[in-house]
Amino acid sequence: QVNAQVLLFRFPLTIRFRSASGAEDQTVFVSKRQEDFYFPLAAAPDLVRVDPEYTLLAKVNFQVPTPMLLAQLADTNDVIGRLLAVERMGDRSDKDAVARLKAVLNTDPFYGVRIEAGKALRSVHNEDAFSALLDSAAQPDARVRLQVVDALGGFYDDRAYAFGCRVIDQEKNP
């Protein structure tokens, strides 16, 4: 039996707002199962990150609008933010999402984000994603190449089989 006087939790939560004028962190205290918070800001933010330093042991489900998601995906100073953005982009299957994931797979400065982009393209699992993976097979990092091969292996397609055979014949990294 739960007593109404017992607090289930109480913790600080940092929320970062980034706009043209810079980043601003604000901290709120969460003490209820569901709460609404309002923040006075000088301008509309380009990007909002909940728990930007990833200090809470929690799964944060924060749905952001597409422009903010794209800004998060492009923020080279925030690896965790890019990883979260790639994960959310993998939930979409439109051509724009696949094109963005392909760009991340081929250009992100951190191999871990590129690996997650390969996983996201596999989860999209349509013809555009398959083509994006095939076009991105020539990765300089062996860890990313392995992910592309693994992702293509999830497609039951003769082209994926032929690609796998070529990789087995040509790959120099054991």
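The coordinates are above.
Reference entry: report on the structure contained in this document. (Residues numbered from 1 in each chain as written. Predicted model: local features only at pLDDT ≥ 70, side-chain atom pairs only at ≥ 80, totals over all residues. Heavy atoms only, no water.)

### Details of the overall build of the chain
- Tallying secondary structure elements over the chain gives 7 helices and 3 strands in all.
- Walking the chain from its N terminus toward its C terminus, one meets helices and strands in the order β-β-β-α-α-α-α-α-α-α.
- What you see for the chain is a C-alpha radius of gyration of 20 Å, clearly larger than the 16 Å of a compact globule of 174 residues, by over 25%.
- Out of the 174 residues in the chain, the part that is buried amounts to 36%.
- Sequence-distant contacts in the chain: of pairs separated by 6 or more residues, those separated by 24 or more amount to 52%. (Helix = DSSP H or I, 4+ residues; strand = E, 2+ residues; numbered from the N terminus. Rg over C-alpha atoms; globule rule 2.2 N^0.38 Å. Buried < 20%, exposed > 50% of the residue type's maximum accessible area, 1.4 Å probe, protein only. Contact = heavy atoms within 4.5 Å.)

### Examining the nonpolar core
- Counting residues in hydrophobic clusters, the biggest one holds 38 residues, and the most contacted among them are V86, M89, L101, L105, L121 and L133.
- Take this core: its biggest share by element is 6 residues, from helix α4 (residues 111–124).
- Ignoring sequence-local partners within four residues, the contact set of L105 consists of R114, A117, G118, L121, L133, S136, Q139, V144 and V148. (Core = buried A, V, L, I, M, F, W, Y, C linked by side-chain atoms within 4.5 Å.)

### Let's talk about the packing of α4 against helix α5 (residues 127–135)
- In contact at an axis separation of 8 Å, α4 and α5 are set at 150° when each is read in the N-to-C sense. In this view, α4 runs roughly antiparallel relative to α5, as classed from their interaxial angle. When you trace α4 past α5, the crossing you get is left-handed. Facing G118, L121, R122 and V124 of α4, the residues of α5 in contact are A129, A132 and L133.
- Across the contact of α4 with α5, the residue classes tally to 5 nonpolar, 1 polar and 1 charged. (Axes fitted to C-alpha atoms, helices over the stretch in contact; angles between N-to-C directions. Parallel < 35°, antiparallel > 145°, perpendicular 65-115°, else oblique. Left-handed = near helix turned anticlockwise from the far one by under 90°. Nonpolar A, V, L, I, M, F, W, Y, C, P; charged D, E, K, R; others polar.)

### A closer look at helix α1 (residues 66–74)
- Within α1, burial applies to M68, L69, L70, A71, Q72 and L73.
- Packed against the buried residues of α1 are β1 (11–19), β3 (47–50), α2 (79–89) and α3 (95–107).

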